[in-house]
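Per-entry structural report
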Amino acid sequence: MSQNLDIELKPVIPKEYPTFIKNLQEAFSPAIIEKFGTNEYLPSKNDILSSLTAKNAEVFHIIYNNQCAGGVVLMIDKNTHYNSLDLFFISPKYHGDGLDLATWKTIEKKYPDTITWRTITPYFEQRNIHFYINKCGFHIIEFFNKYHKEKNMPNHINDKPNPCIDNYFLFEKKMK
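For clarity, every value in this text was computed on a predicted model and none was experimentally measured.

Glancing now at the side chain of S91. Turning to its location among the elements, S91 is positioned in the loop between β4 (82-90) and α3 (99-110). Not counting chain neighbours up to four residues away, the residues in contact with S91 comprise C68, A69 and G70.

Encoded structure:
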């Protein structure tokens, strides 16, 4: 069903960043509150903004039935075709409608030269883990934790330990 949904990826312009950030935080909040009883571990506005403005970032609203149903931040390397999915969210009111898989299929079609996709997700996000492995065909290739830290990832946000980035899976999907 979800593969037949009409999804449009509409570029986000800088003046829309505040709304994009707010919508992303609202989408991430329920899982973080469920796991930790607080949403203090949400990515900060500054952290999200750094992804939105990073070199090679392509930022889109997910449009479904003429409504913004979520958003995605991709890092597209047009030279190597090794790309990453940095941020991806579906607004809670659309959860369970199949927009996640339909959006992913739309992304794959938009970037047919991709050799490999990579993404990460926190260890506690079972819904995301299920989605990436069972629906999209990704494989877990690494688990970062206190025994195995990723050198380029801070282990804190705003000078506080953050379990969302202290323990996470790295996923990969080879396309070619």
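Next, the rest of the story.
This part covers helix α4 (residues 126-135). All of the buried residues along α4 are I129, F131 and Y132. When α4 is viewed along its axis, its buried side chains cluster within an angular range of 160 degrees and face the same direction. With respect to the buried face of α4, the exposed residues turned more than 90 degrees away are Q126, R127 and N134. Here the buried face of α4 lies against β4, α3, β5 (116-122) and β9 (168-174). Of the residues trailing α4, G137 is marked for its positive phi of about 85 degrees.

Let us now look at the confidence of the model for the chain. Residue-level pLDDT values for the chain average 88, and 89% of them are 70 or greater. For the stretch residues 154-159, pLDDT sits under 50, and the model shows 14 contacts to residues farther than four places along the chain or on other chains.

The rules behind each value
- Every chain is numbered on its own, with residues counted from 1 as its sequence reads.
- Selection of residues for local features in this predicted model requires a pLDDT of at least 70, selection of side-chain atom pairs for listing and counting requires 80 or more, and totals for whole chains, interfaces and linings are taken over all residues.
- Working from all heavy atoms in the structure, the side-chain values ignore hydrogens and water.
- Elements are defined by DSSP. Helices are runs of H or I of four residues or more, strands are runs of E of two residues or more, and each kind is numbered from the N terminus.
- We call two residues contacting when some pair of their heavy atoms lies within 4.5 Å.
- Each residue's exposure class comes from its accessible area (1.4 Å probe, protein chains only) as a fraction of the maximum for that residue type: buried when under 20%, exposed when over 50%, partly exposed otherwise.
- Arc definition: it is the arc formed by the directions from the helix axis to the C-beta atoms.
- Each residue gets a pLDDT score, which is the predictor's confidence in that residue and runs from 0 to 100.

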